[in-house]
Amino acid sequence: MPRRRLLAGAGAALGAGALAVGSARAAGETAPPGAVRYDVPDDPTKIPGRPLLEDGGYGTRSQFETEVRVKAPNPTDITSWTFTPLASQIGNLTPSGLHFERHHGGIPTIDPARHELILHGLVDTAKKFTVADLKRMPSVTRKHFIECSGNTLYEWAKPTAKSVQVSHGLLSTSEWTGVLFSTLAREVGLKENALWVLAEGADAAVMTRSVPIEKLLSDGMIAYGQNGEALRPEQGYPLRLLLPGYEGNTHIKWLRRLQVSDRPFMTREETSKYSDLMPDGRAKLFTLQMDAKSVITFPSVGMMLPKPGRYEIRGIAWSGRGRVQTVEVSIDGGKSWSPANIENAPEPMCTVRFNLPWVWDGRPATLQSRCTDETGAVQPTYQDLVRRRGLNSVYHYNAIQSWAVAADGGISNVHA
């Protein structure tokens, strides 16, 4: 139990008044998730702090940090999603506890000692791998983002989201550790006509997606680690598929089976779902790669600039095609652009943080960011995206995001 008050004997030893404790918070007030509530001393230099391992051996965050994921307003929390608080993220990696979620049948509880991954189909020798087997194999550790292809889906027809967490928060970046699929492929041997792989999860939805084998052989990973520890249950514990740059639904969590075939399996998730309806009524299938995209996280919708003066525009950029090459920022709705500073070395299929100093003169402004990746792909304007894709789509929205700053400092979500 947390030590909320010091023993009287310790107070006597330190002298009268040395243990003066600040006024306690309201009775019954609880700490934010991931934290423990403690009384706050007036002067922390006058009393000893908490002893080691009072947190049980697994750390807690400060009770003054309140960032949490927020959930979508769906009828059920079994088939739903949560959003990452992008605006409050420090650095380029998302804490595991704030990584966005998307579940189709709830979060299963799986004993890793009983879990197996089966690799079969068009292979020379089908095999089962335990989690322990995979951890004995050569591993890799790489930083990649995962973005749900439904990220920013509320913005197709009109500006809707009231925060950048809701508009773009189906995006998170982690450091992943696991075994490359190519390592497993050498274990089983692939037939000459092996072209696709069906990945299947062990959740109640039995999530399945078809993946081109070229992608799996190039950089596909069976991940068991995230940000220096085991995967969280909501992120696929004990195993998940990681496909850098591909839409999040293909990164099958709770991975239990990989079936090699000569054709895609045309599952529900890649026909009636996760396909792109075009203006002519036809649907594009297997649009798996995420495009160049960026968003300004500060200042952004729902915030208020207190007064004119110096600010730093900050944001995140990414592309499923490779490294981010440049990020530009506009303060006049795209009439002119300035190169932003990229804060971290660009890595393949990984986010970068960018910034640009800005002196706001108190007049209305429209803030935008534009990403260009190493393939030359440029993030499109909203008008260009709708002209090409129409308004029947749900997935793969990557238009330039516009935030309108009013003269009073209020910020709104607009299409500009």
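Right above here is the structure, for reference.
Cut-offs applied
- Residues numbered from 1 in each chain as written.
- Predicted model: local features only at pLDDT ≥ 70, side-chain atom pairs only at ≥ 80, totals over all residues.
- Heavy atoms only, no water.
- Helix = DSSP H or I, 4+ residues; strand = E, 2+ residues; numbered from the N terminus.
- Rg over C-alpha atoms; globule rule 2.2 N^0.38 Å.
- Buried < 20%, exposed > 50% of the residue type's maximum accessible area, 1.4 Å probe, protein only.
- Areas by Shrake-Rupley, 256 points an atom, 1.4 Å probe, with all protein chains shown as cover.
- Polar contact = N/O pair within 3.5 Å; in protein donor to acceptor, adjacent residues only side chain to side chain.
- Contact = heavy atoms within 4.5 Å.

A. Structural view of the overall build of the protein chain. Within the protein chain, the regular secondary structure consists of 6 helices and 24 strands. Its C-alpha atoms give the protein chain a radius of gyration of 24 Å, within 12% of the compact-globule value 22 Å for 416 residues. Based on the C-alpha atoms only, the size of the protein chain along its principal axes is roughly 80 × 60 × 40 Å. Looking at the 416 residues of the protein chain, the share that counts as buried comes to 49%. In the structure as shown, the protein chain presents an accessible area of about 19,200 Å², 54% of it carried by carbon and sulfur atoms.

B. Broad picture of unusual backbone geometry. A cis geometry characterises the amide bond from tyrosine 237 onward to proline 238, with omega recorded as 10 degrees. Summarising the element assignment, proline 238 is placed in the loop between β11 (229-230) and β12 (240-242). The amide bond that connects phenylalanine 298 to the next residue, proline 299, takes the cis arrangement and shows omega of -10 degrees. Relative to the elements of secondary structure, proline 299 occurs in the loop between β16 (293-298) and β17 (309-318). The phi torsion at phenylalanine 286 lies on the positive side, around 55 degrees, for a residue other than glycine. When you line up the elements, phenylalanine 286 lands in the loop between β15 (283-284) and β16. Phi angles above zero are rare outside glycine, and histidine 396 is one such case at about 60 degrees. By the element assignment, histidine 396 lies in the loop between α6 (382-389) and β23 (402-405).

C. Focus on the side chain of glutamate 269. Topologically, glutamate 269 is positioned in the loop between β13 (255-261) and β14 (276-277). Relative accessible area serves as the criterion here: at 7%, glutamate 269 is assigned to the buried category. A distance of 2.4 Å separates a polar atom in the side chain of glutamate 269 from a polar atom in the side chain of arginine 268. Leaving out residues up to four positions away in the same chain, glutamate 269 has contacts with His104, Met207, Thr208, Arg209, Asn249 and Tyr274.

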